[in-house]
Structures are given as C-alpha cells and as structure tokens.
Amino acid sequence: MTEWLHIEHGTVLLGPNGDVEADASVWAKDGRIEWVGREDRLDQVPHGESVRTIDATGMTVMPGLIDAHCHLTYGESRAQEEQDLYTSVESRTLRAAFNARKMLRAGVTSISQPGGSYYIGVAIRDAIEMGMLEGPRVFTAGRYLTTSNGLADFYPTSVGVPDGAIGRLTNTIDEMLTEVRVQVKNGVDLIKLADSPMGEYQAFLPDELKRISELTHQLNRRVTIHARGSAEVGAAVDAGFDWIMHGNEMTDEVIEHLAATRIP
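So, a few notes on the structure that sits alongside this text. (Residues numbered from 1 in each chain as written. Predicted model: local features only at pLDDT ≥ 70, side-chain atom pairs only at ≥ 80, totals over all residues. Heavy atoms only, no water.)

Here we come to the packing of helix α2 (residues 89-105) against helix α3 (residues 120-129). The N-to-C vectors of α2 and α3 enclose an angle of 45°; their axes lie 10 Å apart at closest approach. Taken as axis vectors, α2 and α3 run oblique relative to one another. In this structure, α2 crosses over α3, and the sense of that crossing is right-handed. Across the interface between the two elements, V89, R92, T93, A96, A97 and A100 from α2 touch I120, I124 and I128 from α3. Here the contact of α2 with α3 is built from residues that sort into 7 nonpolar, 1 polar and 1 charged. (Axes fitted to C-alpha atoms, helices over the stretch in contact; angles between N-to-C directions. Helix = DSSP H or I, 4+ residues; strand = E, 2+ residues; numbered from the N terminus. Parallel < 35°, antiparallel > 145°, perpendicular 65-115°, else oblique. Left-handed = near helix turned anticlockwise from the far one by under 90°. Contact = heavy atoms within 4.5 Å. Nonpolar A, V, L, I, M, F, W, Y, C, P; charged D, E, K, R; others polar.)

Take a look at the structure:
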C-alpha cells in the first residue's frame, strides 16, 4: 500500500546551493520525495492512500547526507588487534547495529561501507531494509582482498590473516577470483581491494586488477580499491575500477588520466 509522508511548517534546505524556504512542506511517497514548497498538495494524493504528517514548526528539514566511506563494524577501535582479534563476530554485529542507528540519527541516510568484518554489513543492510533495525541505506563490501604486501595483511607470516580480520589474503589470481565469487554469493554490493598501506609500492599486478574488475562487472557488482600511490591508482584506472579511494600521492599525469575517465 502506498504511504505518503507530509512534513509541514518546517524551514527547508533545498539543496547544494543552500537555498532556504520557510514554512514549507516536503511530500514523500514510499520514501521518495515528490514535492517541496509552500502550496498545499493534499488534494493531489490519490483517494485511499494514507498520509502521515509531521509538524516541523521551529525545525529545519534538510536532505539526507551520504557517507561514502563508513566502516560500521569497526567502531572507534584503539588498535587493529581490537578489530581483528579481540572482538567476536557477535560483538561486532551489535556494534555495527549501534553504529547504523547512530549514523541515521546524525542525518546520514545512505552509506557505502567499503569493507568490514565477515558479512556483517550484508546482514545490517538486509535488516534495515526489512525494518528490523534503524539505519541508513547501506551499500556494502565484505572483507578486503589483499596480498602479502597489501594493507590488510597486518601480522607476522606465522600468524597469517585470521578469519576475524578485515582482510582476505589472496596471493594468486585464482585465489582472488575465487574470493570475488564467494563474496558475491554471500550478498556484497561491492568488492574492495587493499593495495599498499601508504602508497609505498603497487601490491597488485595490473593483470590481476584487470581480471578482478572483469569478473566483478560480469557478476553485476562494483569494485573499488584502497590506493594511495600513483602507480596503483593508475593501474586501477586502466583496469576499469569504479571507484578509487584515497589517492594521496599522484603524479600530474595520473591525475589527468583519472580525471579524463571521470572515475570518482
């Protein structure tokens, strides 16, 4: 059944230009904004469809914020070991649910989670969609694909990358492609790679990036990468990645190449 939301008598921020309209109304149908303004639109709601009204007198109504880089399962950890080793999957799930509610209360209505523990992000996304939890819309990756030289292989080789870690160790193309397939099967929206921690070198081979990008797109998913240095940014652009994260150190040539592709 169609449901309308009518927020009335608020001071409405109209968008990126910062325009303000006082004593205005926002009309939304099934979660999508239909009209904003001062005119009364009640007569345009089809007969029999329900309307829920919120009186926003003395309040400001603003567009929902989007957080494009939000790790719900991490919390405010004091050390990497706290994320990877010393909190259980049950504890991290509860933390993620708490953080999702906190994000929504801060005015964030959509987030991208580019990596997290286990498949908690998938469960949180689905629970929010089913109305079990309060939270923003969630677009989520699983654990980072990394190599022995990438960001998420934090510990000595004798320790390895534990199941509770935020990364998955993939040192061959077969391991990388298998992990993409498994993550897509388990419901991720996004595949996340982790190249070198601070851009010291390029950890993934160009061919590895291309093969991962091809398979991810073949499975109708998006792919992103933690890439701080110029070499890995350029290689990810060449591989057709959908999204480059960080890019702290780039040559002018790579900046121009990235800009020309319009990859965010």
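Next comes the rest of the write-up.
Enumeration over the complete set of coordinates arrives at 10 salt bridges. Across the pair E82 and R95 runs a salt bridge whose closest N-O atoms are separated by 3.7 Å. Pair noted here: E82 is in helix α1 (residues 80-84) and R95 is in helix α2, with a separation of 13 residues, a long-range link. By relative accessible area, which is 14% here, E82 ends up buried. (Salt bridge = Lys/Arg side-chain N within 4 Å of Asp/Glu carboxyl O. Buried < 20%, exposed > 50% of the residue type's maximum accessible area, 1.4 Å probe, protein only.)

Positive phi, normally seen in glycine, also occurs at H9, with a value near 65°. Structurally, the position occupied by H9 is in strand β1 (residues 3-13).

Here the focus is the sheet that holds strand β8 (residues 137-140). The 3 strands are arranged β6-β7-β8 in an open sheet whose pairing can be described as parallel. On the outer flanks of this sheet lie β6 (65-67) and β8, each paired with one strand and no other. Here the average twist between neighbouring strands, direction ignored, is 10°. Across 3 bridges, the pairing between β6 and strand β7 (residues 108-113) is parallel. Across the sheet, the residue bridging to L65 is V108, located in β7. α3 rests against β7 and β8 of the sheet, and its axis sits at about 155° to β8. (Pairing = 2+ DSSP bridges.)

Our focus in this paragraph is the pairing of strand β11 (residues 190-194). Counting buried positions along β11 yields 5 of 5 residues, so the element is predominantly enclosed. Viewed along the sheet, the connection from β11 through helix α5 (residues 206-218) into strand β12 (residues 222-227) turns out right-handed. (Right-handed = clockwise from strand over helix to strand, strands pointing away.)

It is worth spelling out the packing of aromatic side chains at this point. Considering all chains together, one arrives at 4 aromatic pairs under this definition. Centroid distance W27 to W35: 6.0 Å. Interplanar angle 65°. Geometry classified as edge-to-face. No difference in accessibility class separates W27 from W35, as the two residues are buried. Centroid distance F154 to Y155: 6.1 Å. Interplanar angle 70°. Geometry classified as edge-to-face. On the basis of relative accessible area, F154 is assigned to the partly exposed category, the value being 34%. Members of the aromatic cluster, joined through ring pairs, are W4, W27 and W35. The lysine or arginine in question, K192, covers the ring of Y144, its NZ or CZ lying 4.0 Å from the ring centre. (Phe/Tyr/Trp six-rings, centres within 6.5 Å; stacked < 30°, edge-to-face > 60°. Lys NZ or Arg CZ within 6 Å of the ring centre and 35° of its normal.)

Direction of pairing for strand β2 (residues 20-29) relative to strand β3 (residues 32-37): antiparallel, over a ladder of 5 bridges. For A28, the partnering residue across the bridge sits in β3 and is I33. Hairpin connection between β2 and β3: a loop of 2 residues separates the two successive antiparallel strands, and D30 in this loop has a positive phi of roughly 50°.

Looking now at the side chain of S117. When you line up the elements, S117 lands in the loop between β7 and α3. With sequence-adjacent residues up to four places away left out, S117 is seen in contact with T73, R92 and I166.

Turning our eyes to something else, we now look at the environment of Y74. Relative to the helices and strands, Y74 is located in the loop between β6 and α1. You can call Y74 buried: its relative accessible area is 9%. Each C-alpha atom of the pair Y74 and D84 lies 9.3 Å from the other, and the pair is 10 residues apart in sequence. Aside from chain neighbours lying at most four places away, what touches Y74 is Q83, R95, G115, G116, Y144 and I166.

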